[in-house]
Amino acid sequence: MALKNVNEDETFSDHVSISIPDHLFTERRRRKVEAEAVVRPSLNYWQDAWRRLRKNKLAMTGLVLLIILVVLAIFAPIFSSHSPTKQVLTDQNLPPSKTYWFGTDALGRDLFARSWYGARISLFVGFIAAFIDLFIGVIYGGISGYKGGKVDNVMMRMVEILYGLPYLLMVILLMVVMGPGLSTIIVALTATGWVGMARIVRGQVLQIKNYEFVLASQTFGTRTRRIIRKNLLPNTMGTIIVQMTLTIPSAIFSEAFLSFLGLGVQPPYASLGLMTNDGLSAILTGYWWTLFFPAFIISLTMYAFNVLGDGLQDALDPKLRR
Amino acid sequence: MVTYILRRFGAMIITLWLIVTLTFFLMHLAPGSPFNQERNTNAAVQKNLMEHYHLNEPIAFQYLSYLKSLLHFDFGMSITQPGQTVNGLLAQGFPVSFELGMMTLVVAVLSGVILGVLAALKHNGIIDYLAMTLAVIGISVPNFIMATLLIQELAVHWHVLPAATWSSPKHVILPTIALATGPMAIIARLTRSSMLEVLTQDYIRTARAKGLSPYKIVVRHALRNALLPVVTILGTLTAGILTGSFVIEKIFAIPGMGKYFVDSINSRDYFVIMGTTVFYSGFLIIMLFLVDIAYGFLDPRIKLHKKEG
Amino acid sequence: MSETILEIKDLHVSFTTYGGEVQAVRGVNVTLNRGETLAIVGESGCGKTVTSQSIMRLTAGNITKGSIRFKGKDLTRLTEKQMRDIRGSDISMIFQDPMTSLNPTLTVGKQIIEGVERHQNISRHDAERLALEIFDWVGIANGKERLKQYPHQFSGGMRQRIMIAMALVCKPSILIADEPTTALDVTIQAQILELFKEIQRETGVSIILITHDMGVVAQVSDRIAIMYAGKVVEIGRRKDIFYRPQHPYTKGLLHSIPRMDSEEDELIPIPGTPPDLFSPPKGCPFVARCPFAMEVCEQYQPITTAISSDHAVDCWLQDERAKQVTFTGEV
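Going by what an unreviewed UniProt entry lists, chain B is known as Dipeptide transport system permease protein DppB and is assigned to Pullulanibacillus camelliae. Among the UniProt annotations of chain B, the heading Sequence similarities (unreviewed entry) holds the following wording: "Belongs to the binding-protein-dependent transport system permease family."

As recorded by an unreviewed UniProt entry, chain A carries the name Dipeptide transport system permease protein DppC and is attributed to Pullulanibacillus camelliae. Under the UniProt heading Subcellular location (unreviewed entry), the note attached to chain A is "Cell membrane". You can read under Sequence similarities (unreviewed entry) in the UniProt record for chain A the words "Belongs to the binding-protein-dependent transport system permease family."

K.L.:
Which residues make up the UniProt feature "transmembrane region" (unreviewed entry) in chain B, and what values go with them?
P.N.:
All names here are of chain B. Cross-referencing UniProt, the feature "transmembrane region" (unreviewed entry) maps to residues 9-30, 100-121, 133-152, 172-191, 226-248 and 270-298 in the present numbering. The straight-line gap between the two end C-alpha atoms of residues 9-30 is 32 Å; of that span, 95% is helix and 0% is strand. Its end C-alpha atoms 31 Å apart, residues 100-121 is made of 100% helix and 0% strand.

K.L.:
Got a sec to walk through the pattern of salt bridges? Specific residues and values, please.
P.N.:
Within the structure shown, the criterion is met by 23 salt bridges over all chains. Among the salt bridges present, the one from D310 of chain C reaches R237 of chain C, with a minimum N-O distance of 3.0 Å. One end of the pair, D310 of chain C, is in the loop between β11 (304-306) and β12 (312-314); the other, R237 of chain C, is in strand β10 (residues 231-237), with 73 residues separating them in the sequence. A residue is classified by how much of its surface remains accessible, and D310 of chain C, at 17% relative accessible area, is buried. Note on R237 of chain C: relative accessible area 34%, which makes it partly exposed. The network of salt bridges with common partners includes K210 and R220 of chain B together with E114 of chain C.

K.L.:
I'd like a rundown of the sheet that holds strand β4 (residues 62-70) of chain C, residues and numbers included.
P.N.:
All names here are of chain C. The four strands are arranged β2-β1-β4-β5 in an open sheet whose pairing can be described as antiparallel. The two strands at the open ends of the sheet, each matched to only one other strand, are β2 (20-33) and β5 (73-74). Relative to β2, strand β1 (residues 4-17) is paired through 11 bridges, and the arrangement is antiparallel. For I8, the partnering residue across the bridge sits in β2 and is V30. Packed on one face of the sheet, helix α1 (residues 48-55) meets β1, β2 and β4 and runs near 115 degrees to β1.

K.L.:
Account for the UniProt feature "domain: ABC transmembrane type-1" (unreviewed entry) in chain A, naming residues and giving values.
P.N.:
The positions UniProt marks with the feature "domain: ABC transmembrane type-1" (unreviewed entry) are residues 119-309 of chain A. In this annotation, residues 119-309 of chain A is assigned 85% helix and 0% strand; the end-to-end C-alpha distance for the span is 19 Å.

K.L.:
Give me the lowdown on the environment of G275 of chain B, citing residues and values where you can.
P.N.:
Residue and element names in this part refer to chain B. By the element assignment, G275 lies in helix α11 (residues 270-298). Residues G275 and H28, 247 residues apart in the sequence, show an inter-C-alpha distance of 14 Å. The residues touching G275, leaving out its near neighbours within four places in the chain, are Y66, F75 and V86.

K.L.:
I'd like to hear about the side chain of T37 of chain C, residue by residue, with values.
P.N.:
All names here are of chain C. As for its placement among the helices and strands, T37 is situated in strand β3 (residues 37-41). A distance of 2.7 Å separates the side chain of T37 from the side chain of Q200, its partner in a polar contact. Those residues in contact with T37 that lie beyond four places of it in its chain are Q200, I207, L209, V220, S221, D222 and R223.

K.L.:
So what's going on with unusual backbone geometry? Residues and values would help.
P.N.:
Residue and element names in this part refer to chain C. A positive phi angle, near 55 degrees, is found at R57, a position not held by glycine. If you trace the backbone, R57 turns up in the loop between α1 and β4. The class for R57 is buried, based on a relative accessible area of 17%. Residue K171 is not a glycine yet carries a positive backbone phi of 50 degrees. On the secondary structure map, K171 appears in the loop between α6 (156-168) and β7 (174-178). Given a relative accessible area of 64%, K171 falls into the exposed group.

K.L.:
Outline a positive patch on the surface, listing residues and values.
P.N.:
A contiguous patch of positive charge on the surface is contributed by R223, R225, R226, R229 and K230 of chain A. The exposure class assigned to K230 of chain A is partly exposed, which follows from its relative accessible area of 47%.

K.L.:
So, a nonpolar patch on the surface: which residues are in play, and what are the values?
P.N.:
Residues and elements named next belong to chain B. Nonpolar side chains collect at one region of the surface, where V106, L110, I114, L118, I126, I127, Y129 and L130 lie side by side and expose about 830 Å² of accessible area between them. Where the nonpolar patch is concerned, the elements lending two or more residues are α4 (86-121) and α5 (126-140). Mapped onto the secondary structure, Y129 falls in helix α5. Among the residues examined, Y129 registers a relative accessible area of 59% and is labelled exposed.

K.L.:
Provide a residue-level description of the sheet that holds β12 of chain C, including the pertinent values.
P.N.:
Residue and element names in this part refer to chain C. Strand order in the open sheet formed by eight strands is β6-β7-β8-β3-β9-β10-β12-β11, with mixed pairing between adjacent strands. Either end of the sheet is taken by a strand with one partner, and the two such strands are β6 (91-94) and β11. Recorded for the sheet is a direction-independent mean angle of 20 degrees between the axes of neighbouring strands. As paired strands, strand β9 (residues 223-228) and β10 are joined by six bridges and run antiparallel to one another.

K.L.:
Could you give me a rundown of the pairing of β2 of chain C, with the residues and numbers involved?
P.N.:
A regular strand places its side chains on the two faces of the sheet in alternate fashion. Buried residues dominate β2 of chain C, accounting for 10 of its 14 residues. The hairpin turn running from β1 of chain C into β2 of chain C, its antiparallel successor, is two residues long.

K.L.:
So, the packing of aromatic side chains: which residues are in play, and what are the values?
P.N.:
Each aromatic ring pair is described using two quantities: the centre-to-centre distance and the angle formed by the ring planes. Under the definition given, this model contains 27 aromatic pairs over all chains. Plain terms: the ring middles of F292 of chain A and F293 of chain A are 5.2 Å apart, the flat faces sit at 80 degrees to each other, and that makes the pair edge-to-face. Here F293 of chain A falls in the buried class, since its relative accessible area comes to 13%. Residues F292 of chain A and F296 of chain A carry aromatic rings whose centres are separated by 5.4 Å and whose planes lie at 15 degrees to one another, so their mutual orientation is stacked. Taken together, the residues F292 of chain A and F296 of chain A, both in helix α14 (residues 289-316) and four residues apart, mark about one turn of the helix. You can call F292 of chain A partly exposed: its relative accessible area is 37%. Looking at F296 of chain A, the relative accessible area reads 42%, which means it is partly exposed. Joined through ring pairs, the aromatic side chains of F75, F94, F98, F246, F261, F279, Y280 and F283 of chain B make up one cluster. A cation over an aromatic ring shows up here: K250 of chain B above the ring of F260 of chain A, its NZ or CZ 5.6 Å from the ring centre.

What counts and what doesn't
- Along each chain, residues carry numbers from 1 onward, in the same order as the chain's sequence is written.
- Chain A is the first chain written and ligand 1 is the first ligand written, with later ones labelled in order.
- With pLDDT at 70 or above as the cut-off, local features in this predicted model cover only qualifying residues; side-chain atom pairs require 80 or more to be listed or tallied, and sums for whole chains, interfaces and linings still use all residues.
- The side-chain numbers reported here are obtained from all heavy atoms of the structure, hydrogens and water having been left aside.
- UniProt positions are given in the numbering used here, feature names are shortened, and annotations may be inferred rather than shown by experiment.
- Numbering of helices and strands runs from the N terminus, with a helix taken as a DSSP run of H or I at least four residues long and a strand as a DSSP run of E at least two residues long.
- Basic side-chain nitrogens of Lys or Arg form a salt bridge, by our definition, when they fall within 4 Å of a carboxyl oxygen of Asp or Glu.
- Remark: exposure states derive from per-residue accessible area (1.4 Å probe, protein chains only) relative to the maximum for the residue type, with buried under 20%, exposed over 50%, and partly exposed in between.
- Here, a strand pair is defined by DSSP locating no fewer than two bridges between the strands.
- Note on contacts: a residue pair is in contact if any heavy atoms of the two residues lie within 4.5 Å.
- Axis angles are defined between N-to-C directions and span 0 to 180 degrees, where every axis is a line fitted to C-alpha atoms and, for a helix, only to the segment in contact.
- Identification of polar contacts relies on pairs of N or O atoms within 3.5 Å, with a donor-acceptor requirement for protein atoms, meaning one able to donate a hydrogen and the other able to accept it, and with residues adjacent in sequence counted only if both atoms are side-chain atoms.
- Patches were defined on residues exceeding 30% relative accessible area and lacking a salt bridge, with like-charge contacts within 9 Å and nonpolar side-chain contacts (Val, Leu, Ile, Met, Phe, Trp, Tyr) within 5 Å.
- Method for areas: the Shrake-Rupley scheme with a 1.4 Å probe, in which residue coverage is limited to the protein chains shown.
- Asp and Glu are treated as the negative residues and Lys and Arg as the positive ones, with His and the ends of the chain left uncounted.
- By convention, charge coordinates are those of NZ in Lys, CZ in Arg, CG in Asp, or CD in Glu.
- Ring pairs are drawn from Phe, Tyr and Trp, using the six-membered ring of Trp, whenever the two centres fall within 6.5 Å, and their geometry is named by plane angle: stacked under 30 degrees, edge-to-face over 60, tilted for the rest.
- Over a ring means this: the NZ of a Lys or the CZ of an Arg is within 6 Å of the ring centre and within 35 degrees of the ring normal.

If you want it as structure tokens, here you go:
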């Protein structure tokens, strides 16, 4: 008997119906609330992303760390009473103290001033390289993706070949040819670095180009430039920002790596990679501070960018969230 | 599949040629390079170089003869060490570097995959938290810093392991760890996110609906699909390990290719730089090619897509 | 009199989310008879999929109350391990999207055979023979070669046949099909539905068909349960539901599909949307959309009234007192 259980309520229902007041059996009046849809405060994409980012403790730690690092890198060398390059021969290899907060190196230079000066160089290289990558990559990838067809085909073939080159090896080669120095590092890092950004922007543009809302504005006869500015750019922004937060630490790492190999920033100027290389001898001498501070600052900077990048990825691309 | 391999092979040859050409002409532009006619080497070496690289001939001829010698796997000779050829350096250094690189790759892939899978299976649990903290640290600490820290703590301070050179299996441990931490962290993160995604797929639910055990579902259905993205980054990781070995070999005084390369950079031994760069690039590009082919075999969908496309 | 094979009593399932607890299923009572097709119909979010996945214990939600009796056992009380012995063996399931429901990196043969090996103690060779037989049976030609192929080498309809083969290979007594034709073309839909009928004729398997499509229901069901907002609001034989619908929601559903046999040529959509199950309404969940809503519907849950021995409805309009109410339809 299929409905046995459903029907068990039958006797019970008679009993209930008695207890329900008769006056309720009238036509129901429409409640006012129903007419108005529940209005939730509507947040735009960026407000929503910021709300999500703020909830992510790790990403916020990264952001705060980064702000502290940037502030120190800008202001610490200025306000320090010591110069990052001045050698005080009577004050060699001093451990951290009240005068020298991070101690001094083998040439009697103040490590506090030097470390933050080095951090400034690292951050500078990171940001500039990322912005140049962004500039070239967005233009190249944007054109390739938007034009499509033959143009896209040729442009992407070139990118594919460049992408196949071993990145750091090419950078080393360029540094050997151009000679060490800050400006050559940036040129070497961006010479092949923009390729990644171009690929990503192109992929995004290609995808968004075919969305209905872009097709719609094309049918209305909107001009290309306006479509790019109003439709394509805002929608690729999230991915671009995420890519940038990944480019910056990779550029910082590359600079440190090159300076460590002696191909980067040259003495007497300080760079964190160079200082780590100088600090290598600390293993034998026991002057731990010459290695510890620059190494710690590089690692902290990379950490801050990495966790912030992860957080931004989650916040800006809700589709990828889990 | 055959057309796919052929097309990838063609692209590989073009990239290789591009690298050789780029390296050759860049070396001509370099200040103080022997190609640049500013010679500061001794007469005997100069004579040798003149002959080997045809430095008196027009540049086009030099280029063609360089290509020709590369086809015979002749990578050139040293300026600073008379009589030393790049092939000779490769024969000495490459086996050591290859051993270190392979050890690193195996350690990084195994530990990375295990960490990533555990983290994904215990999503938001304590293992996940620990594994991901480890991974972020692994990505944030550059390999040369990791190397110095390891030497400082384990070799100098605690005397647990030898700090430098390359003579016993014990000597392999520290450099391998220093070099493997970064790639391991990248693999762990990638495996975790890809595993988490695969576990939400419909076919996992199908597998559960068949009554399969969690172990079988993970091993048979989830892992294989989750590892596909890991395979795709193996080529890039190899490149990272290779460049990383430059500094690691220098720090640990390991007599590998990387050490010779760094030495040649410091002494501006242009022919060795050129020869090793070409060799390294060739090695890496062949690795990338092999990884692509392997991917084609692991993912049955690739074959059809490439045929159609 | 048909024999009951599965009996769901007062099933409650809820999900814990960021926003709070969602009560997706709120007291479902349904029975399934041997050899029949029971269709569970409703719009998306009504709890039909959650109900079906609860039978397999595959839902991500928590079964907070109620029981599911099958072969003398309460499935809600089995351990996960005991449950695994039932899944794929006694009760099988087919999912909506055959494109994503098959593992892309394993051959379809392996995916079928692993189910057989899990539940039956037979040799690899016999398992392969069984897979071949079942392929033939669900209408896939060249079985021997096709078993070695990967899912992407099959069309959508073929993949759904593979899913059906996979579900039937261990000869289950219940087959749950969750929107099995939704992702398919109309012509393929008809073929798959025909296959279901054939399977049932030959094996006597009981089928639970989850769908939102009254057209599909009209073709294959014996009995129909209409679900709305986590409850079964009306249940009856196919004829009862199509020709003597009692619940205003059922009527609304029937008016919103095109029919060849009806004189009305106008399709009337049901206005509004289902209630938010974060905070389920106090009274009848359909009250806000119902053209015949009374004050009582707002405040009291309707009770189940039997229309006949097979047909029951949850609606206050069945109350004697409702007959005197006049509806002006004014807003």
